[in-house]
Amino acid sequence: MSRARVPNVLQTTEGPVTAERYRLLVESVTDYAIYMLDPQGTVISWNPGARRFKGYEDHEIIGQSFSRFYTEEDRAAGLPERALRMAAEEGRFEKEGWRVRKDGTRFWAHVVIDPILNPATGRVLGYAKVTRDLTERRQADEALRRSEEKFRVLVQGVTDYAIYMLDADGIVTNWNLGAERIKGYAPDEIIGQHFSLFYTPEDRERGEPQKALQAAIDNGSLEKEGWRVRKNGEIFWASVVIDPIHDDAGEVIGFAKVTRDLTERRKVQAELDAAREALFQSQKIEALGQLTGGVAHDFNNLLTAVMGSLELVRRQISDDRQLGLIDNAIKGASRGISLTQRMLSFARKQELELQPVAVDVLVAEMGDLLQRSLGPLIRIETDFPADLAMAAADPNQLETAVLNLAVNARDAMPEGGVLRVGARNESIAPGHRSGLLDGDYIRLSVADTGSGMDAKTLAQATEPFFTTKGVGKGTGLGLSMVHGMAEQLGGRLALDSRLGKGTTVEIWLPAAGSAAAAEPVQLPVEPKAEVELTARPLTVLAVDDDALVLMNTTALLEDLGHRVIEASSAREALALLEGDDAVDLLITDHAMPQMTGAQLIAEVGQRWPKLPVILATGYADLPAGAGVGVLRLNKPFWQADLEKAVAAAMVRRATAAAA
Ligand SMILES: Nc1ncnc2c1ncn2[C@@H]1O[C@H](COP(=O)(O)OP(=O)(O)OP(=O)(O)O)[C@@H](O)[C@H]1O
Ligand SMILES: [Mg+2]
């Protein structure tokens, strides 16, 4: 009887014949094998479900023992008989197990055997058997189990994330490798503990752990970043996700927690921000440097004129009161000059006289000066290794720098304290974060135990004119000068300070002979025997585009007894030289429009190789190689400086002529 015909039978059959109805019902069931056995276990009926999954047609199985559905092992073990006995004795037999199809394949079956009893005698008339093929369900169960196992292995194996579960009260119920790695607890140390252990004491006090669970429940999930604590007490920056877990009834039965350690990422981000800030700072300092350098350069010229004139006037005055006034003016001009020098060194436009410098010796020689500047309340300690390398630096500039730092330290320690000056040999590998060229350095440090600086002051300290000292007390150029000098030397200035904790200033200086050292300026050897050679009045061609400076140079030279021809540009000077062969000496400014002093000197060297020349400049940024070997006169200069330079030039010519 096929399944398709069943509905027709049902429709056409009239009358409440109960047994018949049952038969029809059973006949229509295809998902269950429903059949009957006689008391000995012989099959006496067979339905479509039985046909479908056991594979026997009615005539093939009716009259056979049901034991053939069992596996050979089970049959040998007497399982079929035992099943019937149990059904008869206990009123029911129910079990899952392997059964065999007609084609010999096995399937996982759920079997129920009910005894059919004679209601009058209670004797067993036979058995009703209902079998269900659970192979698919078993496969699905197996697949689920395997996938859960895989998932468990996966979660267990994840080391970048802490993945673990909490029960509804926040007690840790499981723990993966990542959790162990990030938080530091082994599973047996933490399972059973409350998860608030991972919070900082302050967060715990504020009830953050409970709030987090409640927020996860209220919003369906919680994502947050915050500080968490490892087993060893270390705190780390964590990204946390909490998901509540519900049972079928919607009750919260626990939480799934995923935590990531973002400390590294946060650190990298902070470094990136710091680098960006440093770049911004250095660009700002660069711009300020250009501005300051320009201003200082102009002031230098003006002060040259002021000084020269004052000097000349002073000689003609005998009245004491007037002399006092002039001296006052000269003092003022001198202060102005030292100010412009500091501005120029910040702008890295200072003339540097590079040479190997023993920093420890330099500091030792400054001992008295330092102690006098610092006063009796401050103790100086020095710390230099015996094998300290020589630095490539300008000793005078370096001295000024150390003095500037010492004065700053004194100002930060009005109640007294300790000033520690020391140095270390350092070497920088290629690609170092500092951006310094690779090579050997001397790290000179000056540390005080003073007031220190807050972050804002520290960030601005090296800016020119930044000062926290009262009006007239500080110019705000001390650190700027040190910064400019260090940069110009190819080194670096580094500040470390915390409010109330003192300040450490480091000057990184390239070691002498290191590739990082700045190009040394070639200095002419100072001539001796100058006096008699300059006794003769000379004809000097003076060149400067600044009329004030030119007038000053002329006045000073004339006062020395020389004759001066003035030119306000290099072109004009060349034209004058062409028409006059009586010129003994050329003295020229460098920074001039159209043709610079260095260019003029180069041309003069070609055409009048015997003419001595002096380059008067306060500007260090001559193009590389320009002015090398040329006699230099630093602006601003006193008359004595000028006299010396003239003498030196004449000695050079005499030496050259003799050779
Ligand atoms: N050792 C230090 N301890 C605390 N603060 C300091 C220290 N050195 C510098 N500073 C801070 O940095 C600022 C700038 O210092 P800088 O030496 O450039 O200028 P200044 O000392 O104010 O003036 P001056 O031009 O006379 O040196 C100071 O005003 C001070 O606020
Ligand atoms: Mg200072």
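Further up the page is the structure itself.
Conventions and cut-offs
Residues numbered from 1 in each chain as written. Chains lettered and ligands numbered in written order. Predicted model: local features only at pLDDT ≥ 70, side-chain atom pairs only at ≥ 80, totals over all residues. Heavy atoms only, no water. Core = buried A, V, L, I, M, F, W, Y, C linked by side-chain atoms within 4.5 Å. Buried < 20%, exposed > 50% of the residue type's maximum accessible area, 1.4 Å probe, protein only. Helix = DSSP H or I, 4+ residues; strand = E, 2+ residues; numbered from the N terminus. Contact = heavy atoms within 4.5 Å. Pairing = 2+ DSSP bridges. Axes fitted to C-alpha atoms, helices over the stretch in contact; angles between N-to-C directions.

**Looking at the nonpolar core**
Core analysis: the biggest nonpolar cluster contains 39 residues, and Val359, Leu398, Leu419, Leu444 and Ile507 have the highest contact counts within it. The set of elements that each furnish at least two residues to this core consists of helix 14 (359-365), helix 15 (367-374), strand 12 (391-393), helix 16 (395-412), strand 13 (417-428), strand 14 (439-448), helix 18 (478-488) and strand 16 (502-510). With six residues, helix 16 is the single largest residue contributor to this core. Here leucine 398 is in contact with Val357, Val359, Leu362, Ala393, Leu444, Met485 and Leu509, once residues within four sequence places are set aside. Core analysis: the next-biggest nonpolar cluster, separate from the first, contains 22 residues, Tyr164, Phe195, Leu213 and Ala238 among them.

**Things to note about the pairing of strand 6 (residues 172-175)**
Relative to strand 6, strand 5 (residues 161-167) runs antiparallel, the two sharing three bridges. When the sheet's bridge partners are listed, methionine 165 is paired in strand 6 with asparagine 174. With antiparallel pairing between neighbouring strands as the criterion, strand 5 and strand 6 make up a hairpin whose turn holds four residues, including glycine 170 at a positive phi of roughly 95°.

**With respect to the sheet that holds strand 21 (residues 631-634)**
One open sheet accounts for five strands, arranged 18-17-19-20-21; its pairing is parallel. Edge positions in the sheet fall to strand 18 (563-567) and strand 21, since each of these pairs with one other strand and no more. Mean inter-strand twist for the sheet, computed between neighbouring axes without regard to direction, equals 25°. Across the sheet, helix 19 (residues 547-559) touches strand 17 (539-543), strand 18 and strand 19 (585-589), and the angle it forms with strand 18 is around 170°.

**Overview of the environment of phenylalanine 107**
Inspection of the secondary structure assignment puts phenylalanine 107 in strand 3 (residues 106-117). You can call phenylalanine 107 buried: its relative accessible area is 0%. Leave out the neighbours within four places in its chain, and phenylalanine 107 touches Phe53, Lys54, Gly97, Trp98, Arg99, Val100, Arg101, Thr131, Asp133 and Thr135.

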